[in-house]
Amino acid sequence: MERTLAILKPDCVRKNLIGAVIEKIQNAGFKVVALKLTKLTKETAGEFYAVHKERPFYGELVEFMSSGPCVPMILEKDNAVADFRALIGATDPAEAAEGTVRKLYADSKGENIIHGSDSQENAKLEGAFFFSTEEVVKIHA
Ligand code: UDP
Ligand code: MG
């Protein structure tokens, strides 16, 4: 059983789409094993996206991700990382496939509703960024 780290971004929370997006995630077969509502600071948002520090959109991304509450979650499923990336769609909603979360709900490449880890290694690092071991529920004995 594989895990991935998702974040319902501040635009998702502002647009009252927490329930709709989680419903889609659960209908796709993902089990929620950790979840919280939290608000990143500029510092913690910058740390989470440190890999993009040199990119032109970094400043805007940090502003956006610290602009309001977000909902990080650890999700469990066979092939979770790749299947979740397929469920959320391309970074730019204009390029995202029909029926994907970003195609359905995102306004722009920057404000694109949801994050999903891009590898199993990053899923572990990103999961630990938001959750302690005690906060992750063991649903498989
Ligand atoms: N982003 C942006 N402009 C870009 C590329 C990315 O604002 O040209 C933002 C967007 O919110 C994206 C995040 O930076 O989700 C991280 O970028 P990445 O390339 O890792 O996309 P993702 O993995 O989220 O699809
Ligand atoms: Mg990424």
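Residues numbered from 1 in each chain as written. Chains lettered and ligands numbered in written order. Predicted model: local features only at pLDDT ≥ 70, side-chain atom pairs only at ≥ 80, totals over all residues. Heavy atoms only, no water.

### Section: the overall build of the protein chain
Okay, step 1: Secondary structure assignment for the protein chain yields 7 helices and 4 strands.
Okay, step 2: Seen in sequence order, the protein chain has helices and strands lined up from the N terminus as β-α-α-β-α-α-β-α-α-β-α.
Okay, step 3: Taken over the C-alpha trace, the protein chain has a radius of gyration of 14 Å; the compact-globule value for 141 residues is 14 Å, and the two agree within 12%.
Okay, step 4: With the C-alpha coordinates aligned to their principal axes, the bounding extent of the protein chain is approximately 45 × 35 × 25 Å.
Okay, step 5: For the protein chain, restricting intrachain contacts to residue pairs at least 6 apart in sequence, the fraction spanning at least 24 positions comes to 77%.
Okay, step 6: The centroid of the 18 positive side-chain charges in the protein chain is displaced by 2 Å from the centroid of its 21 negative side-chain charges. (Helix = DSSP H or I, 4+ residues; strand = E, 2+ residues; numbered from the N terminus. Rg over C-alpha atoms; globule rule 2.2 N^0.38 Å. Contact = heavy atoms within 4.5 Å. Lys, Arg positive; Asp, Glu negative; His and termini not counted. Charge placed at Lys NZ, Arg CZ, Asp CG, Glu CD.)

### So, the environment of G89
Okay, step 1: The topology assignment puts G89 in the loop between α5 (80-88) and α6 (101-105).
Okay, step 2: Linking G89 and A34, residues 55 residues apart in sequence, is a C-alpha distance of 22 Å.

### A word on the pairing of strand β3 (residues 71-77)
Okay, step 1: Among the 7 residues in β3, 7 count as buried, and that is most of the element.
Okay, step 2: With 7 bridges joining them, strand β1 (residues 2-8) and β3 adopt antiparallel strand pairing. When the bridges of β3 are listed, A6 appears paired with M73. (Buried < 20%, exposed > 50% of the residue type's maximum accessible area, 1.4 Å probe, protein only. Pairing = 2+ DSSP bridges.)

### Comments concerning the sheet that holds β1
Okay, step 1: Spatially, the 4 strands line up as an open sheet ordered β2-β3-β1-β4, and their pairing is antiparallel. With partners counted over all chains shown, the strands left at the sheet margins are β2 (31-35) and β4 (114-116), one partner each. In this sheet, neighbouring strand axes are inclined to one another by 25 degrees on average, regardless of whether the strands run parallel or antiparallel.
Okay, step 2: Along the sheet face, α5 touches β1, β3 and β4 and points at about 30 degrees away from the line of β1. (Axes fitted to C-alpha atoms, helices over the stretch in contact; angles between N-to-C directions.)

### Observations concerning the nonpolar core
Okay, step 1: By size, the foremost hydrophobic cluster in this structure holds 20 residues, and its most contacted members are L8, V21, I25, M73, F84, I113 and I114.
Okay, step 2: Of all the secondary-structure elements, those providing two or more residues to this core are β1, α1 (10-14), α2 (18-27), β3 and α5.
Okay, step 3: No other element matches the 4 residues that α5 contributes to this core.
Okay, step 4: Every residue in contact with I113, bar those within four places of it in the chain, is listed here: I7, L8, K9, D11, C12, K15, L17, V21, V101, Y105 and A106.
Okay, step 5: By size, the runner-up hydrophobic cluster in this structure holds 18 residues, among which are A34, L61, M65 and V136. (Core = buried A, V, L, I, M, F, W, Y, C linked by side-chain atoms within 4.5 Å.)

### Structural notes on the pattern of salt bridges
For side chains bearing opposite charge, pairing can occur when the charged atoms are close.
Okay, step 1: On inspection of all chains with the given rule, the structure shows 6 salt bridges.
Okay, step 2: Note that K15 is salt-bridged to D107, the shortest N-O span being 3.2 Å. Placement of the pair is K15 in the loop between α1 and α2 and D107 in the loop between α6 and β4, with a sequence separation of 92 residues.
Okay, step 3: On the accessibility criterion, K15 (33% relative accessible area) is partly exposed. (Salt bridge = Lys/Arg side-chain N within 4 Å of Asp/Glu carboxyl O.)

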